[in-house]
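Chains, contacts and geometry: an overview
Here's the letter readout for the chains.
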Amino acid sequence: MQTFSLLMDGFGVALQPMNLFYALLGSILGTAIGILPGIGPALTIALLLPVTITVAPTSAFIMFAGVLYGAMYGGSTTSILINTPGEAGSMMTALEGNKMARSGRGAAALATAAIGSFVAGTIATILLTFAAPAVAEIAFYFRPADYFALTVLAFTSMAVVMGTSRVRGFIALFIGLALGTIGIDEMSGQPRLTFGVSALLDGMELTVVLVSLFAVGEILYVASRYRSNSDALIPIKGQAWMTKEDWKRSWKPWLRGTALGFPMGALPAGGSEIPTMLSYTLERKLSKHPEEFGHGAIEGVAGPEAANNAAAAGILIPLLTLGLPTSATAAVLLAAFQNYGLQPGPFLFTSNPQLVWGLIASLYVGNVMLLVLNLPLAGIWVKLLAIPRPQLYAGILVFATIGIWGVSGSVVDLLCMVVIGLAGYVMRVYDFPIAPVLIGLILGPMAEVQLRTALAAGQGNPAVLVSTPLSAILLTIAMLFLLVPILLKRLKASA
Amino acid sequence: MPNNLHDVPVTAQAGGGGIAAPRPFWLAAIVIALGCVCLYAAFGLPQGARYAGIGPGLFVTVAGAGLVVLGLILMVQIARGERFQAQDAEDASGSEKSDWPAFFTALAAALVPVLTMQAIGLPITAMLSFTLVARSFGSRKTLMDLVYGAIVGVVAWVLFTRLGLQLGGFLPIAGF
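Rules behind the numbers
Residues numbered from 1 in each chain as written. Chains lettered and ligands numbered in written order. Predicted model: local features only at pLDDT ≥ 70, side-chain atom pairs only at ≥ 80, totals over all residues. Helix = DSSP H or I, 4+ residues; strand = E, 2+ residues; numbered from the N terminus. Rg over C-alpha atoms; globule rule 2.2 N^0.38 Å. Buried ≥ 20, exposed ≤ 12 C-beta atoms within 10 Å, placed from the backbone. Contact = placed C-beta atoms within 7 Å. pLDDT = per-residue confidence, 0-100. Core = buried A, V, L, I, M, F, W, Y, C linked by C-beta atoms within 7 Å. Domains from an automatic or database assignment. Nonpolar A, V, L, I, M, F, W, Y, C, P; charged D, E, K, R; others polar. UniProt positions renumbered as here; feature names shortened; annotations may be inferred. Axes fitted to C-alpha atoms, helices over the stretch in contact; angles between N-to-C directions. Parallel < 35°, antiparallel > 145°, perpendicular 65-115°, else oblique. Left-handed = near helix turned anticlockwise from the far one by under 90°. Expected span 1.5 Å × (residues − 1). Bend = angle between axes of the 7 residues up to and from the residue.

Across its full length, chain A holds 20 helices and 2 strands. For 495 residues, the compact-globule formula gives about 23 Å, and the C-alpha radius of gyration of chain A, at 22 Å, lands near that figure. Counting only C-alpha atoms and orienting by the principal axes, one finds that chain A spans roughly 70 × 65 × 50 Å. Relative to its full complement of 495 residues, chain A shows a buried share of 64%.

Regarding its fold elements, chain B presents 4 helices and 0 strands. Seen in sequence order, chain B has helices and strands lined up from the N terminus as α-α-α-α. Counting all 176 residues of chain B, 39% fall into the buried class. Partitioning the contacts of chain B with sequence separation of at least 6, the portion at a separation of at least 24 is 50%.

Per-residue confidence for chain B gives a mean pLDDT of 83; residues scoring 70 or more make up 85%. Contacts for the low-pLDDT stretch residues 1-19 of chain B, under 50 throughout, to residues beyond four places or in other chains number 16 contacts.

Core analysis: the biggest nonpolar cluster contains 227 residues, and V209, L210, I219, V332, L397 and L438 of chain A together with V133 of chain B have the highest contact counts within it. The element that contributes the greatest number of residues to this core is helix α5 (residues 91-139) of chain A, accounting for 19 residues. When residues of this core are sorted by domain, at least three fall in each of domain 1 (23-79) and domain 2 (100-174) of chain B. The contact partners of V133 of chain B, leaving out residues within four places of it in the chain, are I219, Y393, A394 and L397 of chain A together with A106 and A109 of chain B.

This part is about the interface of chain A and chain B. Each partner contributes residues to the interface: chain A has 62 residues there, and chain B has 69 residues. Broken down by element, the residue count for the side of chain A that touches chain B peaks at 12 residues, all from helix α17 (residues 389-408) of chain A. Class assignment of the residues belonging to the side of chain A that touches chain B gives a composition of 36 nonpolar, 16 polar and 10 charged.

With that out of the way, let us pick up the UniProt feature "transmembrane region" (unreviewed entry) in chain B. Per the UniProt entry, the sites bearing "transmembrane region" (unreviewed entry) are residues 25-45, 57-80, 100-130 and 142-160 of chain B in this numbering. Strand forms 0% of residues 142-160 of chain B and helix 100%; the C-alpha atoms that close the span are 26 Å apart.

This part takes up the environment of A41 of chain B. Note that A41 of chain B resides in helix α1 (residues 25-43). Apart from the residues within four sequence positions on either side, A41 of chain B is in contact with R192 and L193 of chain A together with V60 of chain B.

Before going further, it helps to spend a moment on the packing of helix α8 (residues 206-224) of chain A against α17 of chain A. Residue and element names in this part refer to chain A. Between α8 and α17, whose axes approach to 10 Å, the crossing angle comes to 160°. Considering their axes alone, α8 and α17 lie roughly antiparallel with respect to each other. In this structure, the crossing between α8 and α17 has a hand that is left-handed. Between α8 and α17, the contacting residues are T207, V208, V211, A215, V216, I219 and V222 on the first element and Y393, I396, L397, A400, G403, I404 and V407 on the second. Among the residues forming the contact of α8 with α17, the class breakdown is 12 nonpolar, 2 polar and no charged.

On to unusual backbone geometry. Even without glycine at this site, F195 of chain A takes up a positive phi of about 50°. Here F195 of chain A is to be found in the loop between β2 (191-192) and α8.

Attention shifts here to helix α9 (residues 244-266) of chain A. When the terminal C-alpha atoms of α9 of chain A are compared, their 34 Å separation across 23 residues agrees well with the 33 Å that a helix rising 1.5 Å per residue should span. Along α9 of chain A, the largest kink reaches about 30° and is centred on S250 of chain A; proline P253 of chain A follows within four residues of it.

All names here are of chain A. Between helix α3 (residues 41-48) and helix α4 (residues 57-82), the least distance of the axes is 9 Å, while the angle of their chain directions is 160°. Accordingly, the angle class assigned to the pair α3 and α4 is roughly antiparallel. Seen along the crossing, α3 lies across α4 with a hand that is right-handed. Along its contact with α3, which presents P41, T44 and I45, the element α4 presents F64, V67, L68 and A71. Grouping the amino acids of the contact of α3 with α4 by side-chain chemistry returns 6 nonpolar, 1 polar and no charged.

Here the focus is the environment of A23 of chain A. Here A23 of chain A lies in helix α2 (residues 17-35). Those residues in contact with A23 of chain A that lie beyond four places of it in its chain are I62, M63, G66, S362, V365, G366 and M369 of chain A.

Further remarks concern the environment of T151 of chain A. Residues and elements named next belong to chain A. Counting through the fold element by element, T151 comes out in helix α6 (residues 144-161). Using a count of 26 C-beta atoms within 10 Å as the deciding quantity, one classes T151 as buried. The spatial distance from the C-alpha of T151 to the C-alpha of L475 is 9.4 Å, given a sequence separation of 324 residues. Here T151 is in contact with L443, M446, A447 and Q450, once residues within four sequence places are set aside.

Okay, here's the thing in structure tokens:
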């Protein structure tokens, strides 16, 4: 019952007027950027980072959590009403949701998405409440070798799972690892890869890399292949929300979506894209009306929408308990913790219970806010799409520039923005995944410290890396991630 | 920069498209070059240390070697006719042809801050960048965009400076 009383303390923090304000601000911002093209939760949080220097960490993280959850809610609205998924996690929703809207059932699609998001978000937050302290308890016993093995597993699974090609996934990862070594070496104090540029001594800021890849890369790419979307907004005025039949067909997909999304979000596999796809496939298989899929089946909206919200809660488990980010958004949240001089991990639960439990409690509050913000007000939110695209993307670039200039006021950072932005453009044209760069950049230095600490403790004997059962198991799984696809290909070829 | 290798004929025509796929060997070359830069830098760093067995150079060496090996694999893949499908974005289609003037206008917008941020400050930099991006997306109301950009720049500067962000002077060249 200790968890329960800690959670109650958390509510005491989350319900303070100031924190309620930040939760609302985050929810509104999150919904807005979920609807707007060209800007997602990772980029938004990165741009907010410099602004939060004057905000207490608890309030800042409550706001970030609102952005993270809100983006999942907002993404579904545009998927349904104009067939442009605002976020990668809402791609599946567009398939059925837009068809539903076209046949006059847009309101029902919006309702099942919003209520499903709420149900999934709340159940996943309950799971998080009880799972996180348990995982943190176990993580107390982690040795450097275990942490190193865990990061290696995160690297291989991210590189393999994200994107279409393993080789390109690994190239993205290794570019991130190389960027992560720039600057003064933490353990020996030696400058690395700085080539005499003093501005690089502090290392590559995740914010700079993330904003350049996501904002500048995206703007260059979209500008070069711009196709103005002429799809009109489908009106939903006067339509009824969900019927009894809709409820009957929705509640099971909600629960199944939650069951898929939460654990998948917690695994190092890149966040919400994969669980939403799995949920969609599962619902199509289980449906009594498979013929409706592709023509507006409500299960195809309910399941994936639940899955993506549950995944958003899932990513917080490894992040809070182990300091392990499993998606681009989680990577920037980790950077935010580091900005405040906090290291997520088991000790965060004992050293900053106010922050951890205030954050978890705010997720419950945020879910209620988002349901209220999204369900009756969906019609107002989509008006955001009336912002003309040229000015919208122009504004995004200006804020990206401010975000980078605000980090340290360095022209070198601005130059990095152009170069990394160009790289982001090339990565989009040649289909390289972007998240592994960020994971490599932020986890690389962590992996290196753990590796060197483990080896120092083992007096340089590499066997120390597999000396604990956990590290041996994790490294084996990491190897399997690498080898199984190759073996399967060989087997298929020889069959 | 990209797509200058169109002249390489491709014998295997996949997907029935009938268009010879470009072979972007330069892509693999860049990856290998990045790896070599890391390796070159790593040579100047101690690889070993007294207790740990590894020093500050090892991780750089690993990253560099990894990039070189992966670049070589990519080179082989490209030689075998690997196809690259550009990613779809919300307002862009991967199958669309590239509009180079628009691309370079947007690139110029990203370059403007490098040249002007320190000297003439955020508001005017924002105004210029804003207008260039809007232009690259097809806006031809340049005067209005300059006004919008100036408003965004000034409001952002005032707001974020109040919030405690160090954004430099309002118009450093004039001494503000």
